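Residues per chain, in single letters:
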Amino acid sequence: MLPPEQEIEEPAQLRFLRRLVTVLTAVMIGGVVLIIALLVIRLNDKPALLPEKVVLPEGVEAKAVTMGESWYAIVTQSNTILIYDRLSGKLLQDIIIELPK
């Protein structure tokens, strides 16, 4: 180790690079903490309210389900979309999907 009067001063570019790496490290750590916090908040959110029982017309089999704020829709095997009211369970609309031949 050199005596204090003979120590070499750090070049300006090296000092800038060291500070830049420190700042980038802090930003990355902050980003990871933010992503983890958002995941925890989002995953602890209460689940969507689903009806306890869905009554489909006779002979209809569900293929997919999707929900809006006040409705839910069921896509059937026969290419029909049945839209129900979320609160009452009443059938609001029946849409037939016509596929190209």
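Residues numbered from 1 in each chain as written. Predicted model: local features only at pLDDT ≥ 70, side-chain atom pairs only at ≥ 80, totals over all residues. Heavy atoms only, no water.

## Here we look at the side chain of aspartate 85
Summarising the element assignment, aspartate 85 is placed in strand β3 (residues 80–85). For the buried aspartate 85, which has no salt bridge, the nearest side chain bearing the opposite charge is arginine 86, at an N-O separation of 8.0 Å. Among the polar contacts made by the side chain of aspartate 85, one reaches the side chain of serine 88 at a distance of 2.8 Å. Leave out the neighbours within four places in its chain, and aspartate 85 touches Ser70, Tyr72, Lys90 and Leu92. (Helix = DSSP H or I, 4+ residues; strand = E, 2+ residues; numbered from the N terminus. Buried < 20%, exposed > 50% of the residue type's maximum accessible area, 1.4 Å probe, protein only. Lys, Arg positive; Asp, Glu negative; His and termini not counted. Salt bridge = Lys/Arg side-chain N within 4 Å of Asp/Glu carboxyl O. Polar contact = N/O pair within 3.5 Å; in protein donor to acceptor, adjacent residues only side chain to side chain. Contact = heavy atoms within 4.5 Å.)

## Looking at the side chain of arginine 86
With respect to the helices, strands and loops of the structure, arginine 86 is situated in the loop between β3 and β4 (91–96). At 2.8 Å, the side chain of arginine 86 and the backbone oxygen of glycine 68 are in polar contact. If we skip the residues at most four places from it in the chain, arginine 86 touches Leu49, Met67, Gly68, Glu69, Ser70, Trp71 and Tyr72.

## Brief notes about the confidence of the model for the chain
Chain-level statistics for the chain give a pLDDT mean of 88 and a share of 94% at 70 or above. Least confident of the elements in the chain is strand β1 (residues 62–67), whose mean pLDDT is 91; most confident is helix α1 (residues 12–43), at 96. (pLDDT = per-residue confidence, 0-100.)

## Focus: the environment of leucine 43
The topology assignment puts leucine 43 in helix α1. A relative accessible area of 67% places leucine 43 in the exposed class. Separated by 36 residues in sequence, leucine 43 and glutamate 7 have C-alpha atoms that sit 55 Å apart.

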